[in-house]
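# Residue-level structural notes
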Amino acid sequence: MTATNGAATPTSDAAGARAGAGTGPGTARNDTVAAVVRQWQAVHPELDTWPMEVIGRINRCAALLQQAEDAPLRRAGLSRPEFDLLGALRRTGHELTPGELARETFSSGAAVTKRLKQLTERGLVERRGDTRDRRVAHVRLTDAGRDLVDGILPEQLAYETAVLSVLDQEGQDGLSGLLAELLSRLEGRMNALRT
């Protein structure tokens, strides 16, 4: 589908054929996204629904993967965003400011502040004021926070390995490469729009 002044225009012959197939390149698909695409094609046969096949599948896979990954987190009494904060502190290996944590975890400043309060109350992180600027706080893991992250991470990786095992190694490598290229280009575009 192309847009001119916000209005959708009919697909080209090639795009229409692709959309009409309901599968994009390759063989027929029978996942939930394929059914959604077929329904939209019935309602709007003139539109190229191919982007839904990519974006819809990425979103659906992300939701399913997150459900699986969240099992060890739930047992530890953590939410995914809380674990992301703890993980950022663990993998960088040094103190971070709340602003740096927001950038590391793609979160808003308000959300980070709320999560840090909860994690501090649980004794997993601690904050200290900057000696030169009282407005700045530095956050680090406590020993309990470090032990929690190190205990959960192997189980997280085991879940991810099991989930990805539905693809052979070649498929995993190919998917990783395509997603890396897509992410790199999208991040570049978003960064350019922000400057």
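See the structure shown above.
In this report, the structure presented in the accompanying data block is examined.

How each quantity is defined
Residues numbered from 1 in each chain as written. Predicted model: local features only at pLDDT ≥ 70, side-chain atom pairs only at ≥ 80, totals over all residues. Heavy atoms only, no water. Helix = DSSP H or I, 4+ residues; strand = E, 2+ residues; numbered from the N terminus. Buried < 20%, exposed > 50% of the residue type's maximum accessible area, 1.4 Å probe, protein only. Areas by Shrake-Rupley, 256 points an atom, 1.4 Å probe, with all protein chains shown as cover. Expected span 1.5 Å × (residues − 1). Bend = angle between axes of the 7 residues up to and from the residue. Axes fitted to C-alpha atoms, helices over the stretch in contact; angles between N-to-C directions. Parallel < 35°, antiparallel > 145°, perpendicular 65-115°, else oblique. Contact = heavy atoms within 4.5 Å. Nonpolar A, V, L, I, M, F, W, Y, C, P; charged D, E, K, R; others polar.

## Examining the overall build of the chain
Summing up its helical and strand segments, the chain has 8 helices and 4 strands in all. Walking the chain from its N terminus toward its C terminus, one meets helices and strands in the order β-β-α-α-α-α-α-α-β-β-α-α. When burial is assessed residue by residue, the chain has 27% of its 195 residues classed as buried. Roughly 12,900 Å² of accessible area belongs to the chain as shown, and the carbon and sulfur atoms make up 57% of that amount.

## Considering helix α7 (residues 143-164)
The terminal C-alpha atoms of α7 lie 32 Å apart, and with 22 residues this matches the ideal 32 Å at 1.5 Å per residue to within 8%. Of all the bends in α7, the greatest, near 25°, is centred on Leu153, and the proline Pro154 appears no more than four residues after it. Among the residues of α7, those classed as buried are Gly145, Val149, Ile152 and Gln156.

## A look at the packing of helix α4 (residues 80-92) against helix α5 (residues 98-105)
α5 packs onto α4 with a crossing angle of 105° between their chain directions and a minimal axis gap of 10 Å. Considering the angle they form, α4 stands roughly perpendicular to α5. Across the interface between the two elements, Asp84, Leu85, Ala88, Leu89, Arg91 and Thr92 of α4 pack against Leu101, Glu104 and Thr105 of α5. Partitioned by chemical class, the residues of the contact of α4 with α5 number 4 nonpolar, 2 polar and 3 charged.

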